[in-house]
Amino acid sequence: KVIYNDTLYGHYSEIDSGDHIWRYDAFNNIQEAVDNTALQGQVYVAAGKYDLVEPVIIDKPLTLTGDITTPSNVEVNAPILGNDRDCFQIRSNNVTLQGFLIHDAADNSDRNDGNAGIDIGQGRTPTAQPGLENISILKNKINNNAYGIYIYGAKNITIANNEILNSLTANI
């Protein structure tokens, strides 16, 4: 699996990585690609299964894209250890997250564990970022989490064309 960002090229190819420079605009995990993408940039995640060790933290304006036609082709599994088991944590304005299968951010024995497939604003912790705005969550499959999408104090949120199922506490 290779994740590309648009630092230089503005495109990606799931087959040919010859045009990309490893650790400059091609990475082997989602967080590295996010960290190395310019403000307002794009991150393209190739098809595959991504078992997270920790949540992906999106702390700058960008677009993170999996497969918007078939989200199940880009599967993101929540971390299996620790208390912080969200899949994605959005901590910036002007973020779009689209085209992913996001699941298993939950301790099935505790309906109130607070973990979410997508956490916007992190309202449950000392690092809360209330007041985020212009967040778009589009064309994802979000399944089997404690919360499908957890929103804290955010505005101008677009949640469209998502399938959110089997959340233990609440879908949104």
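As the structure is a prediction and not an experimental result, all values here were calculated from the model.

Thresholds applied
- Residues numbered from 1 in each chain as written.
- Predicted model: local features only at pLDDT ≥ 70, side-chain atom pairs only at ≥ 80, totals over all residues.
- Heavy atoms only, no water.
- Helix = DSSP H or I, 4+ residues; strand = E, 2+ residues; numbered from the N terminus.
- Buried < 20%, exposed > 50% of the residue type's maximum accessible area, 1.4 Å probe, protein only.
- Contact = heavy atoms within 4.5 Å.
- Areas by Shrake-Rupley, 256 points an atom, 1.4 Å probe, with all protein chains shown as cover.
- pLDDT = per-residue confidence, 0-100.
- Phe/Tyr/Trp six-rings, centres within 6.5 Å; stacked < 30°, edge-to-face > 60°.
- Core = buried A, V, L, I, M, F, W, Y, C linked by side-chain atoms within 4.5 Å.
- Pairing = 2+ DSSP bridges.

**Q** It is not clear to me how the overall build of the protein chain should be interpreted in this structure. Could you clarify?
**A** The secondary structure content of the protein chain amounts to one helix and 16 strands. Taking all 172 residues of the protein chain together, the buried fraction comes to 48%. Restricting to contacts in the protein chain with at least 6 residues of sequence separation, those with at least 24 account for 61%. Just so you have it, the protein chain exposes about 8100 Å², and 45% of that area is on carbon and sulfur atoms.

**Q** I tried to follow the confidence of the model for the protein chain on my own but got confused; where do I start?
**A** Detail in the predicted coordinates should be disregarded across regions flagged by low pLDDT. When pLDDT is averaged along the protein chain, the result is 83, and 76% of the positions lie at 70 or above. Within the protein chain, the lowest mean pLDDT, 59, falls on strand S1 (residues 3-5), and the highest, 98, falls on strand S9 (residues 95-98).

**Q** Honestly, the packing of aromatic side chains in this entry has me stumped. Any pointers?
**A** Within a pair of aromatic rings, the relevant descriptors are the distance that separates the centres and the angle that separates the planes. Going through the model one piece at a time under the given rule, you end up with two aromatic pairs. Pairing Phe88 with Phe100 gives two aromatic rings, centres 5.4 Å apart and planes at 55 degrees, and the pair type is tilted. A residue pair is termed long-range when its members are at least 10 positions apart, and Phe88 in strand S8 (residues 88-90) and Phe100 in the loop between S9 and strand S10 (101-103) qualify at 12 residues. One exposure class covers both Phe88 and Phe100, and it is buried.

**Q** Got a minute to help me understand the nonpolar core in this structure?
**A** Burial of nonpolar side chains together is a common tendency in soluble globular proteins. In terms of nonpolar packing, the biggest core is built from 32 residues, with Ile58, Leu64, Phe88, Leu97, Phe100, Ile118 and Ile137 touching the most fellow members. Among the elements that make up this core, the one with the highest residue count is helix H1 (residues 30-35) (three residues). Residue contacts for Ile58: discarding those within four places in its chain leaves Val34, Leu64, Phe88, Gln89, Ile90, Arg91, Ser92, Val95 and Leu97.

**Q** I keep staring at the pairing of strand S12 (residues 133-138) and nothing clicks. Help me out?
**A** Moving residue by residue along a regular strand, the side chains alternate between the two faces of the sheet. Note that S9 and S12 share four bridges and pair parallel. For Leu97, the partnering residue across the bridge sits in S12 and is Ile137. Where S12 meets strand S15 (residues 155-160), five bridges bridge the pair, whose relative direction is parallel. Residue pairing for S15: Leu138 is matched across the bridge by Ala160.

**Q** Help me out: how do you make sense of the pairing of S9 in this one?
**A** Judged by which residues are buried, S9 turns out to be covered on both faces: Val95 and Leu97 on one side and Thr96 and Gln98 on the other are all buried. As judged from the four bridges shared by strand S6 (residues 62-65) and S9, these two strands associate in the parallel manner. Paired with Leu62 across the strands is Val95, a residue of S9.

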